Amino acid sequence: MKKLSVIIAFILSFGYSGAQSAGLYELNAGITAQKTQKLYWENGLGVDFTSDFLFGKRIHLKTALITSRLGSAFRSNAINQESFTLGADWRFFSRKPLQIFTGFNAGYFMAHYDDPEFDDLANSSPLVQLDAGLIYRFAFPLSLSASLGYNFITSNGEQGPGTLFPLFYQFKLYYRIK
Amino acid sequence: MKTDRIYLLFLLFIFVSCNKMPEIDNNTMLDGDQIFDISLVQPERFLISARYPAPSALQKDIPVIIAAHGYTATTFEWDELRDYADSTGTFYVSQVLLGGHGRSYEEFRKSTWKDWQASIRDEYKKLSRLGYKNIYLAGSSTGCPLIINLIQDGFFENLTKPKKIFLIDPIVISSNKTLTMVNALGPVLGYTSVELTDGEQGKWYVYRPYETLKQLMKLIDLTRKELQSGIRLPQNTKLKTYKSTSDGSADPVSAVLIYKGMKHADGTPVEVEMVDSKLHVFTRLRGRDGVTEKDKALQMKTFKEMEQAMIHP
């Protein structure tokens, strides 16, 4: 236990020393993994951009494309579905390695039912989401985040695609390109 | 100190919420201790194994369909199919009462989805052992994932195989997506309630204890995962799903998951028909308000199709 604490303290202090970003802008890109509560894993790619102009890098603009094809639907009978989002985060403690963020996303969801019998069912929807979580910026050019999100538009059996659920968890591993 | 008080108040709130008991009117509600499903006292009126415990050779050849109702419902949900069968005389309907159902709020609260399923298992085993040769299964709403689980579980391996399974408005995905958060919200809410029509009073539970909502979520989540992995029907067993295109209880996408996840023993796809209806369990019209001619025609068409599938398999 003591050993583990020393290792964690070492990693955190190591991360802190290099977490400051001196550039005018910053571009991160990498893997986004999403688990919807009581539904699928959907994975894909995401990009995150910030600049000194954006309240001293407190605001981050972000986009992501995730699909169940790279998650639960990979070699299974799960429904193939994609989500594309654009959004912005507000970062608290933006100069620290461990930051808190909360953000808003808007986007589009589409599911594929693969048989004409289901043509009458809704299979697409706009997305409106809020999320909040923690991000850790390592000294080396990687960051890791975990967040909890909520979809404000879901289905109710009468409208909306049935596999659009409210609660989701997201994990991102991003590489600092610039 | 102030934080401690707020924390204590929050804990007290959770504690009080957990102990919430609904106000039950024993004279009118199934949830009370006066009204029970009739099948509990007169099983021979509902279960074929009890009505014909020593079937003749002729009776053993008559198709018998075990009909399983949905969450919070009773045998009432399949009364109209039994009436139809009685009028044609071509098949028997064995209406099972799911475990924990049709009794009291407290018994329902304590039950698990395996208890709900047990009565389907019992009746199937009895009919199989009594020598009935043409056994069919019909499920409505939650009755469907209970039946799907029997297949996945290998329940039919040493029994007479069902000839065909009919799924009416199966629930694999709930229309109410808040159900996915029942583990967190349930203890705070204690229970939820539904509005019943006059004709439905005493036939459905009004109150839904969160413990049973958790069981429902557990069952449908398990079913979704099993379908995701793929389920093969027993040899020579067929399956047809009927699903309303608009349904406030069982999301229509449930039919997509069943279609993608289930295959006949030879690998061919199972049958699915999306029906133009806004009713959940469109085959049950009795007790509903505002039933249309279209609803009646759809119910009759479905019963006839089921009958034809049984007498001309």
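Coordinates for the structure precede this section.
Residues numbered from 1 in each chain as written. Chains lettered and ligands numbered in written order. Predicted model: local features only at pLDDT ≥ 70, side-chain atom pairs only at ≥ 80, totals over all residues.

(A) Structural view of the overall build of chain A. Summing up its helical and strand segments, chain A has one helix and eight strands in all. Overall, chain A shows an N-to-C arrangement of helices and strands of α-β-β-β-β-β-β-β-β. Taken over 178 residues, chain A has a buried fraction of 35%. Once local pairs closer than 6 in sequence are excluded, the contacts in chain A between residues at least 24 apart make up 54%. (Helix = DSSP H or I, 4+ residues; strand = E, 2+ residues; numbered from the N terminus. Buried ≥ 20, exposed ≤ 12 C-beta atoms within 10 Å, placed from the backbone. Contact = placed C-beta atoms within 7 Å.)

(B) Here's a closer look at the interface of chain B and chain A. Facing 26 residues of chain B, the contacting portion of chain A comprises 24 residues. Sorting the residues of the side of chain B that touches chain A by element identifies helix 9 (210-229), helix 10 (253-261) and strand 10 (271-275) of chain B as the ones contributing at least two each. Residue composition of the side of chain B that touches chain A, grouped by class: 11 nonpolar, 10 polar and five charged. (Nonpolar A, V, L, I, M, F, W, Y, C, P; charged D, E, K, R; others polar.)

(C) Seen up close, helix 6 (residues 113-130) of chain B. All names here are of chain B. Relative to the 26 Å expected for 18 residues at 1.5 Å per residue, helix 6 spans 26 Å between its end C-alpha atoms, a close match to the ideal helical length. Those residues of helix 6 that sit buried are Trp113, Trp116, Gln117, Ser119, Ile120, Glu123, Tyr124 and Leu127. The secondary structure elements touched by the buried residues of helix 6 are helix 2 (48-51), strand 1 (64-68), strand 2 (92-96), strand 3 (135-140), helix 7 (143-152) and helix 9. Of the residues one or two after helix 6, glycine 131 is the one with positive phi, at around 100 degrees. (Expected span 1.5 Å × (residues − 1).)

(D) Here's a closer look at the environment of lysine 57 of chain A. Considering the arrangement of structural elements, one finds lysine 57 of chain A in the loop between strand 2 (41-51) and strand 3 (59-67). Each C-alpha atom, one on lysine 57 of chain A and one on tyrosine 40 of chain A, is 33 Å from the other, the two residues being 17 residues apart in sequence.

(E) Region of interest: the pairing of strand 10 of chain B. All names here are of chain B. Residues Val272 and Met274 of strand 10 are buried on one face, while the alternating residues Glu271, Glu273 and Val275, pointing to the opposite face, are not. As paired elements, strand 8 (residues 238-244) and strand 10 share five bridges and run parallel to each other. Bridge pairing links lysine 243 to methionine 274 in strand 10. (Pairing = 2+ DSSP bridges.)

(F) Seen up close, the sheet that holds strand 8 of chain B. All names here are of chain B. Pairing is parallel in the open sheet, where six strands are placed in the order 2-1-3-4-8-10. Whereas interior strands pair on both sides, the edge strands pair on one side only; in this sheet they are strand 2 and strand 10. Ignoring strand direction, the axes of neighbouring strands in this sheet form an average angle of 15 degrees. With respect to the sheet, helix 11 (residues 293-311) is in contact with strand 1, strand 3, strand 4 (164-168), strand 8 and strand 10, its orientation differing from that of strand 4 by roughly 170 degrees. (Axes fitted to C-alpha atoms, helices over the stretch in contact; angles between N-to-C directions.)

(G) Structural detail: the sheet that holds strand 8 (residues 167-176) of chain A. Strand order in the closed barrel formed by eight strands is 1-2-3-4-5-6-7-8 (chain A), and the pairing between neighbours is antiparallel. Between one strand and the next, the sheet's axes are offset by a mean angle of 25 degrees, whatever the strand orientation.

(H) Molecular detail of the packing of helix 9 of chain B against helix 10 of chain B. Residue and element names in this part refer to chain B. At their nearest, the axes of helix 9 and helix 10 sit 8 Å apart, and the two run at 40 degrees to each other. For the element pair helix 9 / helix 10, the angle class is oblique. You can see that helix 9 and helix 10 cross each other, and the crossing is left-handed. Contacts from Arg224, Leu227 and Gln228 of helix 9 reach helix 10 at Leu257, Ile258 and Gly261. The class makeup of the residues in the contact of helix 9 with helix 10 is three nonpolar, two polar and one charged. (Parallel < 35°, antiparallel > 145°, perpendicular 65-115°, else oblique. Left-handed = near helix turned anticlockwise from the far one by under 90°.)

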